[in-house]
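Structural features, examined
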Amino acid sequence: MSIQKYDVPGPKARAIVERDTKHTSPSYPRDYPFVIDHGRGAECWDVDGNRYIDFAAGIAVLSTGHAHPEIVKAIQQQAEKYIHISSDFYHELMVALGERINEIAPMQEDVSIFYANSGTESVEAAIKLARYATGRQRFIGFLGAFHGRSMGSLSFTASRFTQQERFFPTMPGVWHVPFPDPYRPLFIMPPNADAGDAVIDYIENVLFAKTLPPEEVAAVWSSRSRAKAVILSRLRTFSRACASCAIDTASCSSRTKCNRALAAPANGGLSSIGVWSRISSASPKALPRECRWG
Ligand SMILES: Cc1ncc(COP(=O)(O)O)c(C=O)c1O
């Protein structure tokens with residue numbers, strides 16, 4: 001069987017990429033020179049007419065596929081009524097969306113919703129909420145995670161050093177720990193040891209013992225997309241351990257109650273929407289799922 005080779009990027013795509021380099025900021029990290037013309041469902045076409053299957057789904061946030069007819073219709077209908085009124089005023093759709101999210105949100109309590117324009121903005125809002133609600137300043141993040149490129153979220157982002165290069169200082173107070181990745185564990189472990197336990201051990205017995213006062217930690221930051229990458233492992237063990245050790249130890253000495261705990265928004269599933277529950281005195285069991293990670 002012969003493999004058919006395509007001329008990609010084609011001449012139209014190459015011309016657009018060349019024009020792009022003149023006036024578009026080089027800070028956009030392009031993966032390859034694909035220039036979209038249109039998409040339908042799971043497929044998309046480039047400007048030269050080449051047809052692709054879109055496995056990336058708009059960085060995993062286009063769960064309805066390209067140009068879903070109902071979404072196109074809703075956008076058209078709304079654009080004809082009004083496009084912008086700002087958050088200084090009320091509108092019924094905002095309320096209706098909040099009610100719907102509250103219905104399907106996995107938390108036991110009613111949720112209070114803050115709408116953001118992007119993933120990074122939702123992370124910024126969660127950082128502020130964590131500090132405001134706990135009165136604490138410091139955080140724990142994970143090596144390998146991506147949380148965005150604005151100053152607060154960038155301080156958690158640790159997937160490539162180039163994202164940090166020449167932007168120091170970012171927000172102070174973030175300690176990075178290895179993510180429990182059983183395929184590429186950063187700690188030397190005995191055979192069949194749990195990668196999650198090794199990270200918890202490091203947080204408790206090295207970080208908290210040597211450099212990071214646990215009672216000053218406002219939140220442990222994790223992203224769903226990072227979590228998905230290692231979901232095969234005993235991540236749940238790690239998640240539960242975090243709820244009772246990292247967050248709980250940070251919040252109280254008895255380990256039986258967790259006064260306040262926060263978590264970053266579920267960016268993977270709800271790209272532009274940060275969702276969290278009202279933060280109040282709560283036992284670890286009563287914490288919303290995002291805080292428990294479980
Ligand atoms: C987990 C996670 N958080 C935050 C972001 C930043 O989102 P945005 O590019 O919309 O600011 C991303 C983007 O890929 C992400 O994957």
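1. Details of the overall build of the chain
A count of helical and extended segments in the chain gives 10 helices and eight strands. By the burial criterion, 27% of the 294 residues in the chain qualify as buried.

2. What to know about the confidence of the model for the chain
In this model, the chain carries an average pLDDT of 78, and 76% of its residues clear a pLDDT of 70 or more. Low pLDDT (under 50) marks residues 227-237, which in the prediction has 18 contacts with non-local residues, meaning those over four places away or in another chain. For residues 240-294, every residue scores under 50 in pLDDT, and the model assigns this stretch 135 contacts once sequence neighbours within four places are set aside.

3. Let's talk about the sheet that holds strand β5 (residues 138-142)
Read across the sheet, three strands follow the order β6-β5-β7 without closing on themselves; strand pairing throughout is parallel. A strand with exactly one partner marks an edge of an open sheet, and here the two such strands are β6 (174-177) and β7 (217-220). Across the sheet, the axes of successive neighbouring strands diverge by a mean angle of 25°, strand direction being ignored. With three bridges connecting them, β5 and β7 associate as parallel partners. Within β7, the residue paired with F139 across the bridge is A219. Set on the sheet, helix α7 (residues 195-210) makes contact with β5 and β6; between it and β6 the angle comes to about 135°.

4. Some details on the sheet that holds strand β2 (residues 43-46)
Taken together, three strands build an open sheet; the order of strands is β1-β2-β3 and the sheet is antiparallel. Of all the strands in the sheet, just β1 (36-40) and β3 (51-53) have a single pairing partner and so form its edges. Neighbour to neighbour, the strand axes of the sheet diverge by 25° on average, direction disregarded. Of the pairings in the sheet, the one linking β1 to β2 comprises four bridges and is antiparallel in character. What sits directly across from I36, in β2, is D46.

5. Quick look at the environment of D48
Relative to the helices and strands, D48 resides in the loop between β2 and β3. Along the primary structure D48 and G10 are separated by 38 residues, whereas in three dimensions their C-alpha atoms are 5.7 Å apart.

6. What about helix α4 (residues 92-104)?
Taking 1.5 Å of rise per residue, the 13 residues of α4 would be expected to cover 18 Å, and the 19 Å separating its terminal C-alpha atoms lies within 8% of that figure. In terms of burial, α4 is a largely surface element, zero of the 13 residues being buried.

7. Examining helix α5 (residues 119-134)
For α5, built from 16 residues, the straight-helix expectation of 22 Å at 1.5 Å per residue is met to within 8% by its first-to-last C-alpha distance of 22 Å. For α5, the set of buried residues is G119, T120, S122, V123, E124, A126, I127, L129, A130 and T134. Phi turns positive one or two residues past the end of α5, at G135, with a value near 70°.

8. Some words on the environment of K12
Among the secondary structure elements, K12 is positioned in helix α1 (residues 11-23). K12 sits in the partly exposed class, given 14 other C-beta atoms within 10 Å. Sequence-wise, K12 and D48 are 36 residues apart; in three dimensions their C-alpha atoms are separated by 5.9 Å. Discounting chain neighbours no more than four positions away, the residues touching K12 are V47 and D48.

9. Examining unusual backbone geometry
V8 connects to P9 through a cis peptide bond whose omega is -5°. With respect to the secondary-structure elements, P9 resides in the segment before α1. Each neighbour pair has its own omega, and for F168 with P169 the value is 0°, a cis peptide bond. Structurally, P169 is set in the loop between α6 (151-156) and β6.

Reading the values: the criteria
Residues take numbers from 1 onward in each chain, read along the sequence in its written order. Whole-chain, interface and lining totals are the exception, using all residues; otherwise, since this is a predicted model, local features are given only for residues with pLDDT of at least 70 and side-chain atom pairs are given and counted only at 80 or more. By the criteria applied, helices consist of DSSP H or I runs no shorter than four residues and strands consist of E runs no shorter than two, each listed in order from the N terminus. Partly exposed residues are those whose C-beta has more than 12 but fewer than 20 other C-beta atoms within 10 Å; 20 or more makes a residue buried and 12 or fewer makes it exposed, with C-beta atoms placed from the backbone. You can read pLDDT as the predictor saying how much it trusts each residue, on a scale of 0 to 100. C-beta atoms are placed from the backbone for every residue, and two residues are taken to be in contact when these atoms lie within 7 Å. Strand pairing is defined by DSSP finding a minimum of two bridges between the two strands. For helices, the axis comes from a line fit to the C-alpha atoms of the stretch in contact; other axes are also lines fit to C-alpha atoms, and the angle between any two N-to-C directions lies between 0 and 180 degrees. Take the number of residues in a helix, subtract one, and multiply by 1.5 Å to get its expected span.

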